[in-house]
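For reference, the chains in residue letters:
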Amino acid sequence: MNAPAKTEDFAIQAPAGVFVETVTSVTHYTDRLFRFRMTRPQEFRFRSGEFAMIGLMVGDKPVYRAYSIASPAWDEELEFFSIKVPDGPLTSHLQKIKPGDQVLMRKKPTGTLVLDALVPGRRLYMFSTGTGIAPFASLIRDPETYEKFEEVILTHTCRDVAELKYGFDLMDEIRNHEFLNEIVGDKLRHYATVTREGYPFKGRITDLMTNGKFFADLGLPPLDPAIDRGMICGSTAMLKDTKEILEAAGLTEGANNKPAEFVIERAFVG
């Protein structure tokens, strides 16, 4: 099966307790990355930064994976940013979807990258690699983020320059949005780096933090647990290294039931 079926039987095949939604747009960025948007069930509620279980019927069985919801909580549609894995149980099929196709979604969202899991602060750092930018795509487009923080720093590290485009598209969207532009103003800063090509900002974000270049480039002081908060989403190594840097600076990891200075999304690690 190369793509979800566009037949009336699809909804009948779908397991009980899941939504069956229609793809509205698909954007392919590289041979490894794509974004898609789909309809949002009227009763589906989530907090910006949470993830949902997205799936397709592959043969006669549903296959699901956790996907951060990249659209903000106020959006009328749902957006997702995905990697393409040639032999992946889900993404080998998901990467072939087209507008009009249907996608399964379980009804309960969850996740730790939510504003409620952080204690109040002045500056919010969002550290991401690859598709780890997805939950932050939701949060940087949510007015509540700017009600709670005076400054938001979004970092995005990828292997190649082409893989950064989704992040730059998000910044353009905010600047051109009728109400987000006014709300966000100059509070949001975007720091993009690559690891395999020549680029003005090159290197792993953890190395750039450790050697001080990251803070120097932005004209910011070192991390301060009194005012700085952090969110981390990316590869296993990146989560571990960034966590160590934040803890060395005096920040404590929090959770939904115990807010603190930084949070990590571990749902995608394995």
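Here's a quick rundown of the structure. Only a predicted model underlies this, so the values are computations on that prediction, with no experimental measurement involved.

### Structural notes on helix 9 (residues 236-248)
At step 1: Taking 1.5 Å of rise per residue, the 13 residues of helix 9 would be expected to cover 18 Å, and the 18 Å separating its terminal C-alpha atoms lies within 8% of that figure.
At step 2: All buried positions along helix 9 are accounted for by M238, L239, T242, I245 and L246. The arc enclosing the buried residues of helix 9, seen along the axis, measures out at 135°, which places them on a common side.
At step 3: Tucked into the core, helix 9 has its buried residues touching strand 7 (123-129), helix 7 (205-210), strand 10 (228-233) and strand 11 (262-264).
At step 4: Phi for G250, located one or two positions after helix 9, is positive at around 100°.

### Some thoughts on the packing of aromatic side chains
At step 1: Within this structure, the stated rule accounts for 16 aromatic pairs.
At step 2: Between the aromatic rings of Y29 and Y166, the centroid separation amounts to 5.8 Å while the plane-to-plane angle is 70°, which identifies the pairing as edge-to-face. Remark: Y166 occurs in helix 5 (residues 165-176) and Y29 occurs in the loop between strand 1 (18-28) and strand 2 (33-39); sequence separation between them is 137 residues. There is no split in this pair, since Y29 and Y166 are both buried.
At step 3: Aromatic pair Y125 and F215: ring centres 6.4 Å apart, planes at 80°, arrangement edge-to-face. With a gap of 90 residues between them, Y125 in strand 7 and F215 in helix 8 (residues 213-218) connect regions that are remote in the sequence.
At step 4: Overall, Y125 belongs to the buried group, its relative accessible area being 1%.
At step 5: Over the ring of Y64 we find R106; its NZ or CZ atom is 4.0 Å from the centre of that ring.
At step 6: Positioned above the aromatic ring of F19, the side-chain terminus of K107 is 5.1 Å from the ring centre.

### Observations concerning the side chain of S82
At step 1: With respect to the helices and strands, the residue S82 is situated in strand 5 (residues 77-83).
At step 2: Polar side-chain contacts of S82 include one of 2.8 Å to the side chain of Y67.
At step 3: Apart from the residues within four sequence positions on either side, S82 is in contact with R32, L33, F34, Y67, T91, L94 and T131.

### Section: the sheet that holds strand 1
At step 1: If you trace the six strands from one edge of the open sheet to the other, you get 4-3-6-1-2-5, paired in antiparallel fashion. Each edge of the open sheet is held by one strand with a lone partner, namely strand 4 (61-68) and strand 5. Direction aside, neighbouring strands of the sheet carry axes that sit 40° apart on average.
At step 2: Judged from the eight bridges that link them, strand 3 (residues 51-58) and strand 4 form a sheet pairing that is antiparallel. Across the sheet, A52 pairs through a bridge with Y67, a residue of strand 4.

### Here's the deal with the sheet that holds strand 10
Strands belonging to one sheet form pairs held by backbone hydrogen bonds; the direction of such a pair is parallel or antiparallel.
At step 1: Ordered in space as 9-8-7-10-11, the five strands form an open sheet in which the pairing is parallel. Each edge of the open sheet is held by one strand with a lone partner, namely strand 9 (188-194) and strand 11. With strand direction ignored, the average angle separating the axes of adjacent strands in the sheet is 10°.
At step 2: Across seven bridges, strand 7 lies against strand 8 (residues 151-158) in parallel orientation. In the sheet register, M126 faces strand 8, and the bridge partner there is L154.

Parameters and conventions
Residues numbered from 1 in each chain as written. Predicted model: local features only at pLDDT ≥ 70, side-chain atom pairs only at ≥ 80, totals over all residues. Heavy atoms only, no water. Helix = DSSP H or I, 4+ residues; strand = E, 2+ residues; numbered from the N terminus. Expected span 1.5 Å × (residues − 1). Buried < 20%, exposed > 50% of the residue type's maximum accessible area, 1.4 Å probe, protein only. Arc of directions from axis to C-beta. Contact = heavy atoms within 4.5 Å. Phe/Tyr/Trp six-rings, centres within 6.5 Å; stacked < 30°, edge-to-face > 60°. Lys NZ or Arg CZ within 6 Å of the ring centre and 35° of its normal. Polar contact = N/O pair within 3.5 Å; in protein donor to acceptor, adjacent residues only side chain to side chain. Pairing = 2+ DSSP bridges. Axes fitted to C-alpha atoms, helices over the stretch in contact; angles between N-to-C directions.

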